[in-house]
Amino acid sequence: TQKRLLEIIRDNTFRLDRMVQDILQLNRKDRGQPEVISLLPFFNTFRQEFCQIEHIAPASIVIEADAALSCNFDRLHLHQILWNLCRNAWRHSRQQPGSIRLAASRAETENVIQLDVIDDGPGVPSAMHAQLFEPFFTTESTGTGLGLYIARQLAEANGATLDHIENTAGGHFRLSSKGALH
């Protein structure tokens, strides 16, 4: 029983530490340094890091992006947003090759780039749509409920939007950002 109590304390300490780190990340959102980011190389580097740290096979994430696409964004903010979205996508996916699709495309609106993170899981239940981006809303017992909230705040700090797309199978989140003109 003492071992189990220590595990509970450790788990809660980890969860609280994550929550504090997430809140500190929010505090840094106004210190962004936008730069032109070429999306295909950024996605490839991101996939390599994410898969290594999260212990998943690189084939689990399929990248679809034209080599010419770039956006104007703070590099660390974009990394954090994608990490939060991909971590959620993996958690709710089938966890097999191709379970996550990371795509970049030019929107119909002039000079807008859409970054989509799509998983092959069951999707977000409609009863949860309104709460998705609220702070401290979570469906995971170990979650802080700050991931999507922080991702949206970081998007807004970069003049972008982060939305849940409801009309697709699986989970689908879209970051819409200004494209970078060369």
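Residues numbered from 1 in each chain as written. Predicted model: local features only at pLDDT ≥ 70, side-chain atom pairs only at ≥ 80, totals over all residues. Heavy atoms only, no water.

### Examining unusual backbone geometry
Then, in step 1: With a phi close to 60°, His55 is a non-glycine residue in the positive phi region.
Then, in step 2: The phi torsion at Gln95 lies on the positive side, around 55°, for a residue other than glycine.
Then, in step 3: Looking at where Gln95 falls in the secondary structure, it is placed in the loop between helix H3 (75–92) and strand E4 (100–106).
Then, in step 4: The partly exposed category is assigned to Gln95, whose relative accessible area is 42%. (Helix = DSSP H or I, 4+ residues; strand = E, 2+ residues; numbered from the N terminus. Buried < 20%, exposed > 50% of the residue type's maximum accessible area, 1.4 Å probe, protein only.)

### With respect to the pairing of strand E2 (residues 61–64)
Then, in step 1: Only one face of E2 is covered, namely the face carrying Ile61 and Ile63; the face carrying Val62 and Glu64 is uncovered.
Then, in step 2: Alignment of E2 against E4, held across four bridges, turns out to be parallel. Counted as the bridge partner of Glu64 is Ala103 from E4. (Pairing = 2+ DSSP bridges.)

### With respect to the sheet that holds strand E6 (residues 161–164)
Then, in step 1: Reading across the sheet, the five strands line up as E2-E4-E5-E7-E6 and stay open at both edges, with mixed pairing between neighbours. Only two strands of the sheet have a single partner each, and these edge strands are E2 and E6. Each strand axis lies, on average, 15° off the axis of its neighbour in the sheet, ignoring direction.
Then, in step 2: Across seven bridges, E4 lies against strand E5 (residues 112–119) in antiparallel orientation. Considered in E5, the bridge of Ala103 is made with Asp116. (Axes fitted to C-alpha atoms, helices over the stretch in contact; angles between N-to-C directions.)

### With respect to the pattern of salt bridges
Then, in step 1: Counted by the stated rule, this structure contains five salt bridges.
Then, in step 2: Here Glu35 makes a salt bridge to Arg75, at a shortest N to O gap of 3.1 Å. Here Glu35 is found in strand E1 (residues 34–38), whereas its partner Arg75 is found in helix H3, with 40 residues between them in sequence.
Then, in step 3: Residue classification places Glu35 among the partly exposed residues on the basis of a relative accessible area of 32%.
Then, in step 4: With relative accessibility at 36%, the residue Arg75 sits in the partly exposed group.
Then, in step 5: Residues Asp163 and Arg152 are paired through a salt bridge, measuring 3.6 Å at the closest nitrogen-oxygen approach. With Asp163 in strand E6 and Arg152 in helix H4 (residues 147–157), the pair connects residues that are 11 residues apart, well separated along the chain.
Then, in step 6: A relative accessible area of 32% places Asp163 in the partly exposed class.
Then, in step 7: Given the relative accessible area of 24%, Arg152 is considered partly exposed. (Salt bridge = Lys/Arg side-chain N within 4 Å of Asp/Glu carboxyl O.)

### So, H3
Then, in step 1: Along its 18 residues, H3 runs 26 Å from first to last C-alpha, staying within 8% of the 26 Å computed at 1.5 Å per residue.
Then, in step 2: Taken together, the buried positions of H3 are occupied by His77, Leu78, Ile81, Leu82, Trp83, Asn84, Leu85, Cys86, Asn88, Ala89 and Trp90. (Expected span 1.5 Å × (residues − 1).)

### Looking at the confidence of the model for the protein chain
Then, in step 1: Overall, the prediction assigns the protein chain a mean pLDDT of 83, with 77% of residues at 70 or greater.
Then, in step 2: At the low end of the mean pLDDT range in the protein chain sits helix H1 (residues 2–27), at 67; at the high end sits E2, at 96. (pLDDT = per-residue confidence, 0-100.)

### Here we look at helix H2 (residues 39–54)
Then, in step 1: Over its 16 residues, H2 runs 21 Å from end to end, which matches the ideal 22 Å to within 8%, given 1.5 Å per residue.
Then, in step 2: For H2, the complete set of buried residues consists of Leu39, Phe42, Phe43, Phe46, Phe50 and Cys51. Taken around the axis of H2, the buried residues stretch over an arc of 150°, which confines them to a single face. What points out from H2, more than 90 degrees from its buried face, is the exposed set Gln48 and Gln52.
Then, in step 3: Among the structural elements, E1, E2, strand E3 (70–74), H3, E4 and E5 are those in contact with the buried residues of H2. (Arc of directions from axis to C-beta. Contact = heavy atoms within 4.5 Å.)

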